[in-house]
Amino acid sequence: MMTEGSKLTLNHVADALFGVSLSPEWRDRIISDTVIDSRAATAGSLFVALRGEKTDGHLFVNAAFEGGATAAIAQDRALEACDRAAFVMPDGAVQVRGPATETQRAREHLPVVFVVPDSLAALQQLATWWRSRLPVVTIGVTGSVGKTTTKETIANVLATRYTTTRSEGNLNNEIGLPLTLLRLGPAMERAVLEMGMYTLGEIAQLCEMAKPRIGVVTNVGPVHLERLGAIEAIAQAKSELPRSLPPADEGGVAILNRDDSLVWAMASVTKARVFSYGLHPEADLWADEIISRGLEGIRFRCHHGRKVYHLRLPMLGRHSVHTALRGAAAGLADGLSWDEIVSGLQEIRGQLRLMVVPGLRDTTLIDDTYNASPDSSLAALNLLGEIANTSHRAVAVLGDMHELGSYAEAGHRLVGARAAQVVDKLITVGQMARWTAEEALAAGMKSIDVHPVGSNTDAVGILQGLIQTGDVVLIKGSRAAAMEMIVDALSRGCNSPDATAA
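Q: Where do I start with the nonpolar core in this structure?
A: Soluble, globular proteins show a tendency: their nonpolar side chains are buried together. Within the largest apolar cluster, 59 residues are counted, with the highest numbers of intra-cluster contacts made by Leu17, Ile73 and Phe114. Setting aside its immediate chain neighbours within four residues, Phe114 contacts Leu10, Val13, Ala14, Leu17, Phe18, Leu22, Ala71, Ala72, Ile73, Ala74 and Val88. In terms of nonpolar packing, the next biggest core, distinct from the first, is built from 37 residues, Ile154, Ala287, Leu313 and Ala330 among them.

Structure (structure tokens):
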């Protein structure tokens, strides 16, 4: 194990990738950060040159060095792209290139390039090597919906006792997760890591790198159905997390949603101790008497064994109860007291993916534009109904939901049927969202209240003439729909009741 003062060095990289030690002039150079964008390079960075769909990171190795990067991981094309560096080859040999490399002092300041067959594989290999030498306990979080809010909630809970970090933003894939692992230090006690996937085997690969002791599965839904083809395949992919956990006698804990049959079935594939949560009274941790107080949060009763706890939390919507239960379950699995758990649940930092902001003509905007699926859209509509209640009009602006495959039409229509029960005015944006509008009409909404449009600009135009003082407006769609543009337009100049969005 590393000592507390240990930091990632160039010699660590050489050892991890090639099993060699560097010369004294380079070996102890400390790496301050690992980046894949040359523009993010700062003094002491390690730049990993990856080949993407639109460009090749090898074109920017020199730019990374100019930004202060001390080293790079790159494939052999870097030998041509880089005009001044010490190249460490897979056999440990070093090739020095540059006009000012004659003196020892000049050599000490040369950037170092680790030449590898595959930059991405090397990044993952380095992250695996580094994580294996750290004492940190990792907690993996996966599921079709709610991964990020669950990750943030668990991190807030564990931070009441442990030095805790979490994966940033959506760094949850085969590139983002190793970057997160390389930013860990020996003093870190807990790391909560979101694990996403696009196909089978990817979560297993992430687990091989991160070695989670605790795994949390939120739910299984039709997100990524376009790639995997069947909901059962999605469940199989998500089950790779509990399957990868250590056995119960080594501290492994699988935290599974008792209310989702596909998640609950994962209890049979893990050797870890199973801890269930949900609204089902047979769960290890379950909730009832749920009351949503709109923007004031939620209240519910929580049962754990023979103990009952009455909780009031600053989370929005009834669906947030499951998020709270996941946070509490992770805390219990890691030995926290209920006082610590409740304190962590009260911390809202990062818990809310959606934002509630003031809008044009004293309206309230629910900005849930980060992403969308049928499940998350239904939850957002329920929240809209809870906030608007009977005293305000409920307006929903719903965009296309992507990656649903054969479930696309059925998923959009399911949302449309629920919208008809909740909203007073409905605007749909995009071709697939027209199914949402059609179903809302079929469910009884009047045609004067349903507006299918083709673009965000068209939606803004309709909203400018439609919204009234006091309306509660939900804006939600897939990331590709970029519906934050609508929020920006409606919130601009909102301090003036007579303002209009440009």
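Following the structure, the description resumes.
Q: How should I be thinking about the packing of helix H6 (residues 119-132) against helix H9 (residues 202-210) in this particular structure?
A: Angle between the axes and distance between the axes are the two parameters that describe a pair of packed helices. Orientation of H6 relative to H9, taken along the N-to-C sense of each, is 45°, at an axis distance of 7 Å. By the angle between their directions, the pair H6 and H9 is classed as oblique. Side by side, H6 and H9 meet where Gln124, Thr128 and Arg131 of the first sit next to Gln205, Glu208, Met209 and Ala210 of the second. Class assignment of the residues belonging to the contact of H6 with H9 gives a composition of two nonpolar, three polar and two charged.

Q: Would you mind going over the sheet that holds strand E13 (residues 285-292) with me for this structure?
A: Within a beta sheet, neighbouring strands are joined by backbone hydrogen bonds and run either parallel or antiparallel to one another. Read from one edge to the other, the open sheet built from nine strands follows the order E8-E9-E7-E10-E11-E12-E13-E14-E15, with strand pairing classed as mixed. Each edge of the open sheet carries a strand with a single partner, namely strand E8 (164-166) and strand E15 (307-313). This sheet shows a mean twist of 20° between the axes of neighbouring strands, independent of strand direction. In terms of strand pairing, strand E7 (residues 137-142) meets strand E9 (residues 190-194) through five bridges, oriented parallel. By the bridge assignment, Gly140 is partnered in E9 with Leu193. Where helix H15 (residues 338-345) meets the sheet, it contacts E13, strand E14 (298-304) and E15, and its direction lies at approximately 20° from that of E15.

Q: Any chance you could explain the side chain of Asp288 here in plain terms?
A: Tracing the chain through its elements places Asp288 in strand E13. Looking at Asp288, the relative accessible area reads 18%, which means it is buried. For Asp288, the side chain forms a polar contact with the side chain of Arg301, separated by 2.7 Å. Here Asp288 is in contact with Phe300, Arg301 and His303, once residues within four sequence places are set aside.

Q: Could you clarify how one ought to interpret unusual backbone geometry in this entry?
A: With the exception of glycine, most residues fall at negative phi, and the peptide bonds are largely trans. Positive phi values are uncommon outside glycine, yet Glu289 reaches one of about 50°. Tracing the sequence through the fold places Glu289 in strand E13. The class for Glu289 is partly exposed, based on a relative accessible area of 49%.

Q: Explain the environment of Leu381 here, please?
A: By secondary structure assignment, the location of Leu381 is in helix H16 (residues 374-388). Note on Leu381: relative accessible area 0%, which makes it buried. For Leu381 and Val356, which are 25 residues apart along the polypeptide, the C-alpha to C-alpha distance reads 14 Å.

Q: How should I be thinking about helix H20 (residues 484-491) in this particular structure?
A: Structurally, the α-helix is built with 3.6 residues per turn, so residues lying three or four positions apart point the same way. Within the sequence span of H20, burial applies to Ile486, Val487, Ala489 and Leu490. Down the axis, H20 shows its buried residues gathered within 165° of arc, on one side only. Where H20 is buried, its residues meet strand E16 (355-359), strand E17 (363-368), strand E18 (394-399), helix H19 (456-466) and strand E21 (472-476).

Q: Would you take a moment to explain the environment of Gly465 for this structure?
A: Tracing the backbone through its elements, the reader meets Gly465 in helix H19. Relative accessible area serves as the criterion here: at 68%, Gly465 is assigned to the exposed category. For the pair Gly465 and Lys211, spaced 254 residues apart in sequence, the C-alpha to C-alpha distance is 54 Å.

Q: Would you mind going over the pairing of E18 with me for this structure?
A: In regular strands, side chains alternate between the two faces of the sheet. The buried count for E18 comes to six of six residues, which makes it a mostly enclosed element. Of the two faces of E18, the one carrying Ala394, Ala396 and Leu398 and the one carrying Val395, Val397 and Gly399 are both buried. Strand direction decides the pairing type here: E18 and strand E19 (residues 425-429), joined by five bridges, are parallel. In the strand pairing of E19, Ala396 is matched with Leu426. Chirality of the crossover, the property in question, places the unit of E18, helix H17 (residues 408-422) and E19 among those that are right-handed.

Q: Honestly, the sheet that holds E18 in this entry has me stumped. Any pointers?
A: Strand order in this open sheet of six strands is E16-E17-E21-E18-E19-E20, and the pairing throughout is mixed. The open sheet terminates on both sides in strands that have one partner only, identified here as E16 and strand E20 (450-453). On average, each strand axis in the sheet is tilted by 15° relative to the strand beside it, whichever way the strands run. Two strands pair when backbone bridges link them, and E19 and E20 are joined in this way by four bridges, in the parallel orientation. For Thr428, the partnering residue across the bridge sits in E20 and is Pro452. Contacting E17, E18 and E21, H16 runs over the sheet at an angle of about 170° to E21. Packed on one face of the sheet, H19 meets E18, E19 and E20 and runs near 165° to E19.

Scoring rules and cut-offs
- Residues numbered from 1 in each chain as written.
- Predicted model: local features only at pLDDT ≥ 70, side-chain atom pairs only at ≥ 80, totals over all residues.
- Heavy atoms only, no water.
- Core = buried A, V, L, I, M, F, W, Y, C linked by side-chain atoms within 4.5 Å.
- Buried < 20%, exposed > 50% of the residue type's maximum accessible area, 1.4 Å probe, protein only.
- Contact = heavy atoms within 4.5 Å.
- Axes fitted to C-alpha atoms, helices over the stretch in contact; angles between N-to-C directions.
- Helix = DSSP H or I, 4+ residues; strand = E, 2+ residues; numbered from the N terminus.
- Parallel < 35°, antiparallel > 145°, perpendicular 65-115°, else oblique.
- Nonpolar A, V, L, I, M, F, W, Y, C, P; charged D, E, K, R; others polar.
- Pairing = 2+ DSSP bridges.
- Polar contact = N/O pair within 3.5 Å; in protein donor to acceptor, adjacent residues only side chain to side chain.
- Arc of directions from axis to C-beta.
- Right-handed = clockwise from strand over helix to strand, strands pointing away.

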